[in-house]
Amino acid sequence: MLNVTHIRSDFPIFSDKPNLVYLDSTATSLKPRVVIEKLREYYEKYSANVFRGIYGISEKATEEYEETRQIVADFINAKSPDEVIFTRNTTESLNLLAYSLGQQIIEKNDEVVTTIEEHHSNFVPWQQLAAENGAVFKIIDITTDGNLNLGKNSSLEGIVTKKTKILTLTYISNVLGNINPIKEIARQAKKINPKIVVIVDAAQAVPHIKVDVQDLGCDFIAFSAHKMLGPTGLGVLWGRYDLLESMLPFNFGGEMIESVEADKTLFKSPPYKFEAGTPHIAGVIALKESIHYLEKLGWENVEAHEKELTNYALRKMAYELGKKVKVLGPSYPNHKGIIAFTFEPYHPHDIAQIFSDENICIRAGHHCAMPVHTRLGVNASCRMSFYIYNDKTDIDKAILALKQVEKVLG
Amino acid sequence: MSIYQDKILDHYRNPRNFGRIKNADKTAEVFNHVCGDRIDMDIVIKEGGVEEIRFEAKGCAISRASASLLTEYAKHKKIDELKKLDKAFIINLLEIDLGPNRIKCALLPLEALKKLIINGQ
């Protein structure tokens, strides 16, 4: 297990709220001091715009900004920093793809394939794209045990066809907590249609497991800084360079042009083609600190810690509350630190409210994933999720709060 | 202060006017899609007043308690008077402080009532 006492001392929010039990890192993670200080450093010491100034502090800001691009590239094992694009968040990264790539390649009767367990941000853009272009929008279902139903021997046979131009799916579901075998899925999909573009929503994966884009064999991944100890308002899109080159710009404006004349404009090469306007400079500069922080802890340690907490929580909930609590998603072992559950007859809002009265933050609702809730026949659920600053006492407190729900509303 | 005060819990556990009216003058259904709350409300109007009002709710304690308290208040009141009810009235009726997210649960029954009494009824 990680040394949680030591880790908590790195997070200023715990000095301000020593009794905080934060079990909603799937929504957004807390921020360590090093990240907050790096944001401050930019604003206090070199808060100039990037790329434009021929003066010291602008050059410093540009250096810091581009250094993060290299660090992100190394972090996900991209071939080149030119494959790393900074966006506002995962949602924007995926919308960029639906527009800049999707609108260009999807034609009538083509297929766009996604899954039932997607966050709305990796569902709605593709649903709309398919509808606008007369394409077929296909949805991979889940099995009764809560994993993706990938067909016979996970072959994707009958799901992905030669007509499928885009397959887009999540690495880890933000509701079910299951890890999808992306490498195998990408391999199978490309076997059926070598030209298929495989897109991975890695928002819940990058903060929790080692992600190697070359090893995965996919074409794009999208993730957000704020779920991995970094600033809000910053996302990343990684893509294969040849594909990025062939895509249309997303936004037009400053920074993304080579030259502008009255009748035509030449665009820069990726990644700048996709970074119009002044970016979240401070956020990008601070993101490298969150990556350093995670790498210093070590992926093996982070994964082992979350696994231990998840197993402890699942075991303890089953023992203390029995069948009254129903956990959504697969059972051990394919379950990352995300536990969505129902506790009938109590409504998730009431449960989260009573948790809040006990200083415990959990999520209640459909977690921006209505299709999977509908599929499972539940309107809403509660969700607790774990990260590096949680320990078993947090889970014990959550279980006591569940008993408190029975006491108050029972 | 917890929002689960005795008054709220009483109306949550023993909702007044719970159920449907067979020959209602008008029926309304309202949803809060964010959390899956649903309220069905039926009304019988006589001489410009509420003769009978009942509801069925699927949702949280707050929306159910609010529907119970509101229907209890509305029964035998004049329609014109009920048209004036607003958010402040509901907060006062529930006697609890709700944040911006939970207030939606509390206001759902009022939305149903408004559907029943506005548009010439």
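### So, the interface of chain A and chain B
Here comes step 1: Taken together, the eleven residues of chain A in the interface contact eleven residues of chain B.
Here comes step 2: For the side of chain A that touches chain B, the elements supplying multiple residues, two or more each, are α12 (348-357) and α14 (392-409) of chain A.
Here comes step 3: Per element, the largest residue contribution to the side of chain A that touches chain B is five residues, and it comes from α12(A).
Here comes step 4: For the side of chain A that touches chain B, the class distribution of residues is four nonpolar, five polar and two charged.

### Some remarks on the domain arrangement of chain A
Residues and elements named next belong to chain A.
Here comes step 1: Taken domain by domain, chain A comprises domain 1 (4-24 + 298-409) and domain 2 (46-294).
Here comes step 2: Taken over C-alpha atoms, the centre of domain 1 sits 28 Å from the centre of domain 2.
Here comes step 3: Residue assignment for the side of domain 1 that touches domain 2 shows that the elements contributing at least two residues are α11 (299-321), β12 (338-343) and α13 (370-376).
Here comes step 4: Top element by residues in the side of domain 1 that touches domain 2 is α11. It accounts for four residues.
Here comes step 5: Of the residues assigned to the side of domain 1 that touches domain 2, the class counts are eleven nonpolar, five polar and five charged.

### Considerations on the sheet that holds strand β11 (residues 325-327) of chain A
All names here are of chain A.
Here comes step 1: With antiparallel pairing, four strands are arranged side by side in an open sheet as β11-β12-β15-β14. Of all the strands in the sheet, the pair left with one neighbour each is β11 and β14 (363-365). Each strand of the sheet is rotated relative to its neighbour by a mean of 30°, with strand direction disregarded.
Here comes step 2: Strand direction decides the pairing type here: β12 and strand β15 (residues 381-385), joined by four bridges, are antiparallel. When the sheet's bridge partners are listed, I339 is paired in β15 with M384.

### Description of the sheet that holds strand β7 (residues 220-224) of chain A
Residues and elements named next belong to chain A.
Here comes step 1: With respect to topology, seven strands assemble into an open sheet ordered β2-β8-β7-β6-β5-β3-β4, the strand pairing being mixed. With one partner strand each, in any of the chains shown, β2 (84-87) and β4 (136-140) form the two edges of the open sheet. On average, each strand axis in the sheet is inclined to that of its neighbour by 20°, with strand direction left out of account.
Here comes step 2: As paired elements, β7 and strand β8 (residues 235-239) share five bridges and run antiparallel to each other.

### Considering the packing of helix α4 (residues 87-94) of chain B against helix α5 (residues 103-117) of chain B
Residue and element names in this part refer to chain B.
Here comes step 1: Where α4 contacts α5, the two axes come as close as 10 Å, and the packing angle between them is 115°. As for the relative orientation of α4 and α5, their crossing is right-handed in sense. In contact with K87, I90 and L94 of α4, α5 contributes A106, L107 and L110.
Here comes step 2: Per-class residue counts for the contact of α4 with α5 are five nonpolar, no polar and one charged.

### Quick word on α5(B)
Residue and element names in this part refer to chain B.
Here comes step 1: With 15 residues, α5 ought to run about 21 Å at 1.5 Å a step, and its terminal C-alpha atoms sit 22 Å apart, in line with that.
Here comes step 2: The largest bend along α5 reaches roughly 25° and is located at P109.
Here comes step 3: Among the residues of α5, C105, A106, L107, L108, P109, L110, A112, L113, L116 and I117 are the ones counted as buried.

Scoring rules and cut-offs
- Residues numbered from 1 in each chain as written.
- Chains lettered and ligands numbered in written order.
- Predicted model: local features only at pLDDT ≥ 70, side-chain atom pairs only at ≥ 80, totals over all residues.
- Contact = placed C-beta atoms within 7 Å.
- Helix = DSSP H or I, 4+ residues; strand = E, 2+ residues; numbered from the N terminus.
- Nonpolar A, V, L, I, M, F, W, Y, C, P; charged D, E, K, R; others polar.
- Domains from an automatic or database assignment.
- Pairing = 2+ DSSP bridges.
- Axes fitted to C-alpha atoms, helices over the stretch in contact; angles between N-to-C directions.
- Left-handed = near helix turned anticlockwise from the far one by under 90°.
- Expected span 1.5 Å × (residues − 1).
- Bend = angle between axes of the 7 residues up to and from the residue.
- Buried ≥ 20, exposed ≤ 12 C-beta atoms within 10 Å, placed from the backbone.

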